[in-house]
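# Working through the structure, step by step
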Amino acid sequence: MTIQCKRVLKGLRKLTHNSEESLAFLGGHNCIVLQSDYDTGYDYSKDEKEIHGIIETLSENGYINHVSDANFSLTHKALHLHWFAWEAVKHFLFHSIFVPIVVAFLTSIATSLLTQLLQWP
């Protein structure tokens, strides 16, 4: 995820108070607002030229559900971003570090046992 995507997602999470409340682009302004409250919004002027690409990327990665062209909401994955990241780290550690260590250990034991069996008179 790019820094821009993280910044926008963080702003949208703050705007919705970590809920799945519907969001919409406010026409004529650089702002995404809650559909229930047009007075409260997230100013995306810092990412104005690429906001639609950022929203599309967040949607493709499962962080946003599109309700229509201008309306969307955050998904469970977006609301619990840190938990999903921790799960990915645990998966990586288990499959990339723990499993190879166990396989190497078992291979070493098997090799030692076979060597001893073959050398036995």
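Quick caveat, the model's predicted, so the values are computed rather than measured. (Residues numbered from 1 in each chain as written. Predicted model: local features only at pLDDT ≥ 70, side-chain atom pairs only at ≥ 80, totals over all residues. Heavy atoms only, no water.)

The subject of this paragraph is the overall build of the chain. In terms of helices and strands, the chain carries four helices and five strands. From first element to last, N terminus to C terminus, the chain shows the α and β order α-β-β-β-α-β-β-α-α. Taking 14 Å as the expected radius of gyration for a compact globule of 121 residues, we find that the chain reaches 24 Å, considerably beyond that expectation. Along the first, second and third principal axes, the C-alpha atoms of the chain reach 90 × 25 × 20 Å. Across the 121 residues in the chain, those meeting the buried criterion constitute 27%. (Helix = DSSP H or I, 4+ residues; strand = E, 2+ residues; numbered from the N terminus. Rg over C-alpha atoms; globule rule 2.2 N^0.38 Å. Buried < 20%, exposed > 50% of the residue type's maximum accessible area, 1.4 Å probe, protein only.)

Structurally, Arg 7 can be placed in helix H1 (residues 3–16). For Arg 7, a relative accessible area of 29% puts it in the partly exposed group. For Arg 7 and Lys 46, which are 39 residues apart along the polypeptide, the C-alpha to C-alpha distance reads 9.9 Å. Those residues in contact with Arg 7 that sit more than four places away from it in its chain are Tyr 42, Lys 46 and Asp 47. (Contact = heavy atoms within 4.5 Å.)

Moving on, we come to the packing of aromatic side chains. For the structure on display, the rule yields four aromatic pairs. With a centroid separation of 5.9 Å and 85 degrees between ring planes, the pair formed by Phe 25 and Tyr 44 is classed as edge-to-face. Of this pair, Phe 25 sits in strand S1 (residues 23–26) while Tyr 44 is found in the loop between strand S3 (37–43) and helix H2 (51–60), placing the two residues 19 residues apart along the sequence. Exposure remark for Phe 25: the relative accessible area of 18% places this residue in the buried category. (Phe/Tyr/Trp six-rings, centres within 6.5 Å; stacked < 30°, edge-to-face > 60°.)

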